[in-house]
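# Structure assessment
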Amino acid sequence: MPSAAARMRTLPVGSVGVRASGWWGMMCLIGTEAALFAYLLFSYYYFAVQFGRSFLPNELPSVRLSGPDTLILILSSVAVWWGERGIRQGSTVRLAIGLLLGSVLGAVFVGIQYLEWLDKPFVLSADSYSSLYFTITGFHMAHVAVGVLILVVLLAWSVLGYFDRVRHAAVSIGAIYWHFVDAVWLAIFFTFYVTPYLGW
Amino acid sequence: MRKLILTLALAAISDPAGAHAGGGRADFSWSLEPWVLASLGAAALAYGIGLARIRAEAGDRIVGGGNVAAFLAGLAVLFTALASPVDTLSDDLFSMHMVQHLLLMLVAAPLMVWSRPFLVFLWALPRSLRRSFGRFPARRGAARALNLLSHPVFVWSAFCGVFAFWHIPGPYGLALRHESVHILEHACFFASGYAFWAVVMSPGGRRRLEYGASVLYVGTAAVLSGLPGALIILTDRPFYPIHAEGAARWGLTALEDQHLAGLIMWIPAGFIYLAAICILFALWMREADRRAAAFARSMPTLAALIACAALLGGCGEGTEASSEAGGIGNVQRGAALISQFGCPACHTIPGIAGADGLVGPPLTKMGRRGYVAGVLRNTPENMTRWIRRPQAIVPGNAMPDMGISEDQARDITAYLYTLR
C-alpha cells in the first residue's frame, strides 16, 4: 500500500466511476425536475382539451427559429457525450473541446430562445396559452442556463487537470443533467410546435 | 353523471340486443381477416417447428412448459384482439378500441416475451440460415445498435411516446380512415409493448435491468400513461367525432364512450402495471434473501478477522458469540481442538503453533480449495464428514479416525474455513 501511495504525486480528486453520492443526488434532482415538467406539460394539454383549437394563438407557433434551435441543443448534447467518451480514454483535450462546444451551443440556444420570446406578439398575461408558453419555456431556459453554468465549471476543472481516465465522476454527473435538459426540450418542442399540426 | 355512463356502458356491453335503441345496427360479428389469421398461423407453425427441434436437442430445459403456455395464451390474446368481436366493436366504440390497444400492449406483449419467441423462431430456420441469423447480434455494429435500441431509457421513452402519440385525435383518426396506418398503429403498440416488457422480464434468466430499477421503470410508465387517460376523462368535448355514429348504435354519446375509454386506460391498465410492480417487488425481496444467505455463507472470512482480533486483544469472552457467525462452528474452539487431537503432527496449518507436519497435505487456504482429500467437493458438510471418518470415505488412507464428535468436527471445520 505505501508504495502505491508513494507513486502518486498528488492526492486524487473525486471518486472512481460514476456511482458517487453526487450521481444519486443528480438522479433525485432529475426525478423532481422531470415531475415538474410533466405537470407543466400536463397543464398545457389540460387547457388544450378544455378549449380545443381556440386555445391556440391565431398564428400557430412556427419552427423557423425553434427548429434550428432544437438541432443546436441536440448537437450540444452530442458534443458533451463526445467529450465524456474522450476522458474515458484519458483525453483531457477532447473533454475540454466537448465541454466548450456544449456550453457555447447551449448559450446560443438561450440566445435564440430569447429572440423568439421577443418575436411573440403576446405577453405573459395575455391568455392561458401565453402564460403556459412563457412559464414552460422560461422554466426550461432557467434549466439550460444552470446547465451551461455546470458545463463552464466542468470546463474550468478539466483545464485545471482535475480529471483523468479513472476519476471523472463530476463530468458524468454534469453530462447526465445536460442530456436530461435536452430531452425535456424535445418534449416541450413536440408539445408546442408539433401537436398543433397533428389535427385535433 | 359518471354513474350514468357506467350504467349505460355496462348495459351496452352485457346486453347488445337491448342497446339497439340508439339506432342503426350493432355489429357483433367476427373479423376473420385472412392476413391476420395467416400471420398468427405462421407464427404458431414456426414456434411448433422450433420447439420440436429444441426439445430434440436439449429437452425442456431451455423452453419449458411455462414458456409454451405463455405462447399459446399470447396467441389467443392476439386472436381475441385482432379477429374477435373486440376488433369489430372497436370500429364503433372508442372504449372497445382502448381495450384492444391495452390487450396488445399490456397482455399479449408480456406473454409473448415470456415465450422466448426469437430463440424458438431461430430454431425453426434451417441450420445454415440459423447460423448466419444467430451470429447477426454478435456483429459489432449490430450489437451496438441492438444495445442502444434495447436500452431501458430508450425503450421506456418509445413505449410512453407511442402510447400517447396514437391517442392524439389526429393520428388516431388517420389510423381509423386508412387500413395501412391502422396496421402500423397496432404494430407500434405490440412492438413497443414487447420491447418494454422484455426489459423487466427475463425468461432466459439474464436480466436487462435489476429489480429495484425495474420497479421504478414500470411505476413511472404506469403514472405517465395514466395522464392521457386523465385528459380524455377531464373534458366535456368529444375528441373523436369519428366514433359518434358507432357509439350511438350502442346507445352511448361520443362523450360517454370517450369517458369510458379514459377510465379503461387509467384503471384496468393501472391494475396490470400494479400487478407487474408487485411481482417485481416480490422477486426483489426474494433475491435480497438469497444474497443475505450467500453473505452469511461467506462469513468465515469475517469470523477469522474477529478471531484474530480476539487473540490479539485477549478478550475471548466478548467475541464468543461473534465467532459463531460462520454458522458452521466455533472458530476458537476449533483451533484448540486441532492442537488437542494432534493434527499439527502431520499437517501444516497456518495460525496453529507448531503445525508444520509434512505427512499430510498442508491446510493453507483450506477455505478456498476445491476438494477435500481429492474426492469430496469442499463444502462445510463434506469437510465435517471427512474430519470425523476419513477411513470410511477413503479406506486405507494415511489419516486416522480420531473419534472426533460431530460438534468438534464442525468447530474444526469452522477454523479451517477461516484460512482463505
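Residues numbered from 1 in each chain as written. Chains lettered and ligands numbered in written order. Predicted model: local features only at pLDDT ≥ 70, side-chain atom pairs only at ≥ 80, totals over all residues. Heavy atoms only, no water.

Named according to an unreviewed UniProt entry, chain A is Heme-copper oxidase subunit III originating from Propylenella binzhouense. Under the UniProt heading Subcellular location (unreviewed entry), the note attached to chain A is "Cell membrane". According to its UniProt record, chain A has this under Sequence similarities (unreviewed entry): "Belongs to the cytochrome c oxidase subunit 3 family." (UniProt positions renumbered as here; feature names shortened; annotations may be inferred.)

To continue, consider the overall build of chain B. The secondary structure content of chain B amounts to 20 helices and two strands. Burial status across chain B gives 42% buried among its 420 residues. As presented, chain B carries roughly 21,600 Å² of accessible surface, and 66% of it is formed by carbon and sulfur atoms. (Helix = DSSP H or I, 4+ residues; strand = E, 2+ residues; numbered from the N terminus. Buried < 20%, exposed > 50% of the residue type's maximum accessible area, 1.4 Å probe, protein only. Areas by Shrake-Rupley, 256 points an atom, 1.4 Å probe, with all protein chains shown as cover.)

Moving on to the overall build of chain A. A count of helices and strands for chain A gives six helices and zero strands. When each of the 200 residues of chain A is scored for burial, the buried share is 42%. The long-range fraction of contacts in chain A, counting pairs at least 24 apart against all pairs at least 6 apart in sequence, stands at 80%. When the accessible surface of chain A is split by element, carbon and sulfur atoms take 71% of a total near 10,300 Å². (Contact = heavy atoms within 4.5 Å.)

Each partner contributes to the interface: chain B provides 13 residues, whereas chain A provides 14 residues. Applying the counting rule to chain B against chain A returns zero salt bridges. On the surface where chain B and chain A come into contact, there are three residue pairs in polar contact (both at pLDDT 80 or more). Elements supplying a minimum of two residues to the side of chain B that touches chain A: helix 10 (169–177) and helix 12 (211–233) of chain B. Class assignment for the residues of the side of chain B that touches chain A results in nine nonpolar, two polar and two charged. (Salt bridge = Lys/Arg side-chain N within 4 Å of Asp/Glu carboxyl O. Polar contact = N/O pair within 3.5 Å; in protein donor to acceptor, adjacent residues only side chain to side chain. Nonpolar A, V, L, I, M, F, W, Y, C, P; charged D, E, K, R; others polar.)

All names here are of chain B. The tally for this structure, following the rule as stated, stands at 10 salt bridges over all chains. With a closest N to O distance of 3.2 Å, Glu406 and Arg388 form a salt bridge. Here Arg388 lies in helix 18 (residues 380–388) and Glu406 lies in helix 20 (residues 406–416), a separation of 18 residues in the sequence. Arg388 gets classed as partly exposed once you look at its relative accessible area, which sits at 31%. Note that Arg410 is salt-bridged to Glu406, the shortest N-O span being 3.9 Å. Of this pair, Arg410 and Glu406 are both found in helix 20, four residues apart, which corresponds to roughly one turn of the helix. Of the residues examined, Glu406 reaches a relative accessible area of 36% and is grouped as partly exposed. The network of salt bridges with common partners includes Asp92, Glu245 and Arg249.

Moving on, we get to the nonpolar core. Formed by 63 residues in total, the largest nonpolar core has its most connected members in Phe196(B), Trp197(B) and Val218(B). Considering each element in turn, this core owes the most residues, 11 residues, to helix 5 (residues 94–114) of chain B. Beyond its immediate chain neighbours, meaning those up to four positions away, Phe196(B) contacts Val155(B), Trp156(B), Phe159(B), Tyr217(B), Val218(B), Ala221(B) and Tyr273(B). Formed by 48 residues, the second largest nonpolar core is a distinct cluster that contains Val80(A), Phe109(A), Leu132(A) and Tyr177(A). (Core = buried A, V, L, I, M, F, W, Y, C linked by side-chain atoms within 4.5 Å.)

Attention shifts here to the packing of aromatic side chains. The relative placement of two aromatic rings is captured by the distance of their centres and the angle of their planes. Overall, the coordinates contain 35 aromatic pairs over all chains when judged by the stated rule. Plain terms: the ring middles of Phe281(B) and Trp284(B) are 5.8 Å apart, the flat faces sit at 90° to each other, and that makes the pair edge-to-face. Within this pair, Phe281(B) and its partner Trp284(B) are both found in helix 14 (residues 254–297), separated by three residues, close to a single helical turn. Using a relative accessible area of 33% as the deciding quantity, one classes Trp284(B) as partly exposed. What links up through ring pairs into an aromatic cluster is the set Tyr44(A), Tyr45(A), Tyr46(A), Phe47(A), Phe51(A), Phe55(A), Trp117(A), Phe122(A), Tyr129(A), Tyr133(A), Phe134(A) and Phe192(A). Lying across the ring of Tyr133(A), Lys120(A) places its NZ or CZ 4.8 Å from the centre. In this structure, Arg207(B) packs its charged tip against the face of Tyr211(B), placed 4.0 Å from the ring centre. (Phe/Tyr/Trp six-rings, centres within 6.5 Å; stacked < 30°, edge-to-face > 60°. Lys NZ or Arg CZ within 6 Å of the ring centre and 35° of its normal.)

All right, on to the UniProt feature "transmembrane region" (unreviewed entry) in chain A then. Residue and element names in this part refer to chain A. Feature annotation in UniProt assigns "transmembrane region" (unreviewed entry) to the following positions: residues 21–45, 65–83, 95–115, 141–163 and 175–194. Secondary structure across residues 95–115 comprises 100% helix and 0% strand; the distance between its end C-alpha atoms is 30 Å. Between the C-alpha atoms that bound residues 141–163 the distance is 29 Å, and the span itself is 83% helix and 0% strand.

Here we take up the layout of surface pockets. All names here are of chain B. There is about 1,400 Å³ of room inside the second largest pocket. Forming the boundary of the second largest pocket are 30 residues, of which Phe118, Leu146, Tyr194, Ala198 and Arg206 lie nearest the centre. Breaking the lining of the second largest pocket down by element, the ones donating at least two residues are helix 6 (117–124), helix 7 (127–135), helix 8 (140–149) and helix 11 (179–200). For the lining of the second largest pocket, the per-class residue count stands at 20 nonpolar, six polar and four charged. (1 Å grid on protein atoms, 1.4 Å probe; cavity = no way out; pocket = protein on both sides within 12 Å on 5 of 7 lines; lining within 4 Å. Points joined across faces, edges and corners; volume = space filled by probe spheres on them.)

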